[in-house]
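# Notes for the structure review
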Amino acid sequence: NGELYTVTGISGGGKTAFCCMLAACLISGQNNHLKKAKKMKSRPVIYVSLEQKAQQIYDRITSTLAALFDIENAIPFANLDKDIKLMICDLLAN
């Protein structure tokens, strides 16, 4: 009862960024990117990438999830040290 989508485009066109943002919105049920956003039901997501390692996708989705809840103070996940990354992941898991 799910759906399968593929995203194609030129290299560097933002496919991964778009898909990570979409996955984060579906996982969290949050969509603060729209002016008239409303709370959505949280949905499970399976993300398959043939170009990037699982840890890279995990980091990007986690960073996007953190930004959804505090967009004013969002910091790229890659700029955080390991202890803060673990803390964010623990908070999002609960």
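## A few points about the overall build of the chain
Scanning the chain from N- to C-terminus turns up three helices and zero strands. In the chain, buried positions account for 24% of the 94 residues. In the chain, the share of contacts with a sequence separation of at least 24, taken over all contacts with a separation of at least 6, comes to 45%. In the form shown here, the chain has an accessible surface area of approximately 7,700 Å², with 57% of it arising from carbon and sulfur atoms.

## Here we look at the environment of lysine 41
Here lysine 41 shows up in the loop between α1 (15–28) and α2 (54–69). Between the C-alpha atom of lysine 41 and that of cysteine 25, which follows or precedes it by 16 residues, the distance is 9.8 Å.

## Description of the nonpolar core
Membership of the largest hydrophobic core is limited to six residues, which are Cys20, Ala23, Ala24, Ile57, Ile61 and Leu65. Taken together, the elements giving at least two residues each to this core come down to α1 and α2. Ignoring sequence-local partners within four residues, the contact set of isoleucine 57 consists of Thr16, Cys20, Tyr47, Ser49 and Gln52.

## Examining the environment of alanine 24
By secondary structure assignment, the location of alanine 24 is in helix α1. Placed 41 residues apart in sequence, alanine 24 and leucine 65 show a C-alpha to C-alpha distance of 5.4 Å.

## A look at a nonpolar patch on the surface
A surface patch of nonpolar side chains, about 450 Å² in accessible area, is lined by Val7, Phe18, Leu22, Leu26, Ile27 and Val45. Within the secondary structure layout, phenylalanine 18 lies in helix α1.

## Here's the deal with the environment of lysine 39
For lysine 39, the position within the fold is in the loop between α1 and α2. C-alpha of lysine 39 to C-alpha of glycine 29: the two residues are 10 residues apart in sequence and 6.0 Å apart in space. In this view, lysine 39 contacts Ser28, Gly29 and Gln30; residues no more than four positions away in its chain are not counted.

## Remarks on the side chain of threonine 16
As for its position among the elements, threonine 16 is in helix α1. In contact with threonine 16, other than residues within four places in its own chain, are Tyr47, Gln52, Ile57 and Arg60.

Quick notes on the rules
- Residues numbered from 1 in each chain as written.
- Predicted model: local features only at pLDDT ≥ 70, side-chain atom pairs only at ≥ 80, totals over all residues.
- Heavy atoms only, no water.
- Helix = DSSP H or I, 4+ residues; strand = E, 2+ residues; numbered from the N terminus.
- Buried < 20%, exposed > 50% of the residue type's maximum accessible area, 1.4 Å probe, protein only.
- Contact = heavy atoms within 4.5 Å.
- Areas by Shrake-Rupley, 256 points an atom, 1.4 Å probe, with all protein chains shown as cover.
- Core = buried A, V, L, I, M, F, W, Y, C linked by side-chain atoms within 4.5 Å.
- Patch = residues over 30% accessible without salt bridge, like charges linked within 9 Å, V, L, I, M, F, W, Y side chains within 5 Å.
- Salt bridge = Lys/Arg side-chain N within 4 Å of Asp/Glu carboxyl O.

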